[in-house]
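The residues making up each chain are set out below.
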Amino acid sequence: MKNNEEVQKHIRCRRGDISPFVIVPGDPGRVERIVEQMDSAKLIAQNREYLVYTGKTKGIPVSVCSTGIGGPAASIAFEELIRVGAEVFICVGSAGGRQKETPIGTPVVITASYRGEGTSMVYLPAEFPAVADLDVTTALVTALKEKKEEYRVGIGYTRDAYYVQDQKLNELLTVAGVEVAEQEASILFIIGSLRKVKTGAIVATDSNIWFAEQPSLEEKQKLFKKGEQKAIAAALRAVQILAEEP
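Remember, predicted model here, so these are calculated numbers, not experimental data.

The rules we used
- Residues numbered from 1 in each chain as written.
- Predicted model: local features only at pLDDT ≥ 70, side-chain atom pairs only at ≥ 80, totals over all residues.
- Heavy atoms only, no water.
- 1 Å grid on protein atoms, 1.4 Å probe; cavity = no way out; pocket = protein on both sides within 12 Å on 5 of 7 lines; lining within 4 Å.
- Points joined across faces, edges and corners; volume = space filled by probe spheres on them.
- Helix = DSSP H or I, 4+ residues; strand = E, 2+ residues; numbered from the N terminus.
- Nonpolar A, V, L, I, M, F, W, Y, C, P; charged D, E, K, R; others polar.
- Pairing = 2+ DSSP bridges.
- Axes fitted to C-alpha atoms, helices over the stretch in contact; angles between N-to-C directions.
- Parallel < 35°, antiparallel > 145°, perpendicular 65-115°, else oblique.
- Left-handed = near helix turned anticlockwise from the far one by under 90°.
- Contact = heavy atoms within 4.5 Å.

Let us look at the layout of surface pockets. Within this model, the largest pocket holds a volume of roughly 740 Å³. Of all the elements in the fold, those that place two or more residues in the lining of the largest pocket are α1 (28-36), β5 (88-97), β9 (180-182), β10 (198-208) and α7 (217-244). Of the residues assigned to the lining of the largest pocket, the class counts are nine nonpolar, eleven polar and ten charged. Roughly 220 Å³ of volume is contained in the second largest pocket. Elements with a minimum of two residues in the lining of the second largest pocket: α4 (134-146) and α7. The biggest single contributor to the lining of the second largest pocket is α7, with six residues. Classifying every residue of the lining of the second largest pocket by side-chain character gives five nonpolar, three polar and seven charged.

What follows is the structure, encoded as structure tokens:
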């Protein structure tokens, strides 16, 4: 397609700028922290919420592109990245814990998502499941096991309105085993299914709505940063594992 050779409107990248492996955090600040764990990286573009680097991890080419918060902005990044050659996506994010025993700072691999947002509904009907790719999910779990990290694996809840809570739904999803709530994974999984690319997601918990005593924001941030570093390391190791597969 002609547009594959053109600079994409929002991410400002063209074919050749992006590795087949792309790590997609929401936070542009997290891009910088991911780059710190890579062997090398070059700034490719910066526009709006989209900050893009391409470099290497253990000799494997990998790109990093922030997506901003929520479905509409994230879907733009995913679509444009696919147009310029992205084939494997790993979301590295933050999320609220939804199981009462999950400490803040816990890495969680999301296997599938409850679609509580609107963007993915434009792509496929609500009955269609938002599911991560098995190979990517397995690589993330393997990476955590290699480091002997404490982690959790399970279903996430992707939602839109950050400051609106549906208490009955929260309770139901917790009983059903939902591990975390975040704002991009289901969109990534749905676009992955539709566009035939591999997707996976790992988050670190930055809060937990079920704690009777809530830590201060400073305490939460301190715990989250440790979990974030673990999630980043697992994502980069997963890229290495996937690149080694035949």
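Now that the structure is up, let's keep going.
It is worth spelling out the pairing of strand β2 (residues 40-47) at this point. Pairing of β2 with strand β3 (residues 50-57), which is carried by seven bridges, proceeds in the antiparallel orientation. Paired with Gln46 across the two strands is Leu51, which belongs to β3. In textbook terms, the turn of a hairpin is the stretch between consecutive antiparallel strands, and for β2 and β3 this stretch comprises two residues, one of which, Arg48, has a positive phi near 50°.

The next thing to look at is the packing of α1 against α7. Relative orientation of the contacting elements α1 and α7 amounts to 60°, with a least axis distance of 10 Å. Taken together, the axis directions place α1 and α7 in an arrangement best described as oblique. As α1 packs across α7, the resulting crossing turns out to be right-handed. Between α1 and α7, the residues in contact are Arg30, Arg33 and Ile34 and Phe224, Lys225, Glu228, Gln229, Ile232 and Leu236, respectively. Here the residues of the contact of α1 with α7 sort into four nonpolar, one polar and four charged.

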